[in-house]
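Architecture and fold: a report
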Amino acid sequence: IEAMWRDPAEGFMSTIERLPAADNLEVRILDHYEDATGTEVWLSPKLDVKRLLRFLADHEEDLLHNGHVRLSVYLRAERSTMRLDEHKSTVWLSADASTAARFATWAEALGAPHVAALPSLASEPHFHYRPGNARSLAALRERLSRARFRRVEQTAAAG
């Protein structure tokens, strides 16, 4: 299920507030971020919803508004993942239809419009943005490392 709100960061955070649990946050730094030589995947230590919300609020410009990162919140018990992609759409992936239906109810309550299919920027020429006050790539890596995230994957740039 995919949802897009007028304020993607607010919609994503409001949905996290409704989660029964959260296990980890994945930060995927995409290969088009600054001087990146490939895509990097950083995984948080185990956390709960309250700590997740605090971390995201403290790093709003670096993570929620940054078009060079993709965020994923893992809910292991529900076998579900909620993702904020680089185009700022929220995507809910679940092995269980009931949890997917619950997300659809939340999205509707939070004002996500009903559409047959969301248009995708990925297939059209477009730019990715990073707020002017967001950290550089090196500073973001350092911040994630200090927050005890660990880099679990690094791939070479495509091309």
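Above: the structure in question.
Everything in this summary refers to the structure shown in the same document.

About the thresholds
- Sequence positions are assigned chain by chain, starting from 1 and proceeding in written order.
- Residue-level local features of this predicted model are given only where pLDDT is at least 70; pairs of side-chain atoms are given and counted only at 80 or more, and the full residue set underlies all totals for whole chains, interfaces and linings.
- Derived side-chain values reflect all non-hydrogen atoms in the structure, with water molecules and hydrogen atoms excluded from consideration.
- Note on exposure labels: buried denotes an accessible area under 20% of the residue type's maximum, exposed denotes more than 50%, and partly exposed covers the range between, all computed with a 1.4 Å probe on protein chains only.
- Numbering of helices and strands runs from the N terminus, with a helix taken as a DSSP run of H or I at least four residues long and a strand as a DSSP run of E at least two residues long.
- In this analysis, two residues are considered to be in contact whenever any of their non-hydrogen atoms come within 4.5 Å of each other.
- We count a salt bridge whenever a side-chain nitrogen from Lys or Arg sits within 4 Å of a carboxyl oxygen from Asp or Glu.
- Axis lines are fitted to C-alpha atoms, over the contacting stretch for helices. Their N-to-C directions set the angle, which ranges from 0 to 180 degrees.
- Here roughly perpendicular refers to angles of 65 to 115 degrees, roughly parallel to angles under 35, roughly antiparallel to angles over 145, and oblique to all remaining angles.
- Crossings are classed by handedness, with left-handed meaning an anticlockwise turn of the near helix from the far one by less than a right angle and right-handed meaning a clockwise turn.
- Throughout this entry, Asp, Glu, Lys and Arg are counted as charged residues, while Ala, Val, Leu, Ile, Met, Phe, Trp, Tyr, Cys and Pro are counted as nonpolar. The remaining residues, Gly among them, count as polar.
- Residues forming no salt bridge and having over 30% relative accessible area are the ones grouped into patches, like charges within 9 Å of each other and nonpolar side chains (Val, Leu, Ile, Met, Phe, Trp, Tyr) within 5 Å.
- Method for areas: the Shrake-Rupley scheme with a 1.4 Å probe, in which residue coverage is limited to the protein chains shown.
- In this tally Asp and Glu are treated as negative and Lys and Arg as positive; neither His nor the chain ends contributes.
- In plain terms, the charge of a residue is placed at NZ if it is Lys, CZ if Arg, CG if Asp and CD if Glu.
- Among buried residues, the Ala, Val, Leu, Ile, Met, Phe, Trp, Tyr and Cys ones that are joined through side-chain atoms within 4.5 Å form a nonpolar core.

Quick reminder: α-helices carry 3.6 residues per turn. Residues three or four places apart thus point the same way. Among the eleven residues in helix 1 (residues 8–18), eight count as buried, and that is most of the element. Those residues of helix 1 lying buried are Pro8, Ala9, Gly11, Phe12, Met13, Ser14, Thr15 and Ile16. Where the residues of helix 1 are buried, they touch helix 2 (49–58), helix 3 (60–64), strand 4 (69–75), strand 5 (80–84), strand 6 (90–94) and helix 4 (97–109).

Turning to the pattern of salt bridges, a few remarks are in order. Tallied over the entire structure, the rule returns seven salt bridges. The shortest N-O distance in the salt bridge between Lys46 and Asp23 comes to 2.5 Å. Within this pair, whereas Lys46 is found in the loop between strand 3 (38–43) and helix 2, its partner Asp23 is found in the loop between helix 1 and strand 2 (24–29), the two being separated by 23 residues in sequence. Assessed through its relative accessible area of 56%, Lys46 is described here as exposed. Given the relative accessible area of 11%, Asp23 is considered buried. Residues Arg151 and Glu40 are paired through a salt bridge, measuring 3.2 Å at the closest nitrogen-oxygen approach. Within this pair, whereas Arg151 is found in strand 7 (residues 150–156), its partner Glu40 is found in strand 3, the two being separated by 111 residues in sequence. Classification of Glu40 as buried rests on a relative accessible area of 1%. When salt bridges that share partners are traced, they join Glu40, Arg141 and Arg151 into one network.

Across the interface, helix 1 lies against helix 2 with an axial gap of 9 Å and an inter-helix angle of 165 degrees. In terms of orientation, helix 1 and helix 2 fall into the roughly antiparallel class. The handedness of the crossing between helix 1 and helix 2 comes out as left-handed. Along its contact with helix 1, which presents Phe12, Met13, Ile16 and Glu17, the element helix 2 presents Val49, Leu52, Leu53, Leu56 and Ala57. A per-class count over the contact of helix 1 with helix 2 returns eight nonpolar, no polar and one charged.

Attention now goes to a positive patch on the surface. A cluster of like positive charges, contributed by Lys50, Arg51, Arg54 and Arg148, occupies part of the molecular surface. Tracing the backbone through its elements, the reader meets Lys50 in helix 2. Residue Lys50 is classed as exposed on the basis of its relative accessible area of 61%.

It is worth spelling out the nonpolar core at this point. In terms of nonpolar packing, the biggest core is built from 37 residues, with Ile16, Val27 and Leu56 touching the most fellow members. Contributions of two or more residues to this core are made by helix 1, strand 2, helix 2, helix 3, strand 4, strand 5, helix 4 and helix 5 (137–146). The leading source of residues in this core is helix 2, at five residues. Among residues more than four places away in sequence, those in contact with Leu56 are Phe12, Met13, Ile16, Leu25, Leu63, Leu64 and Leu71.

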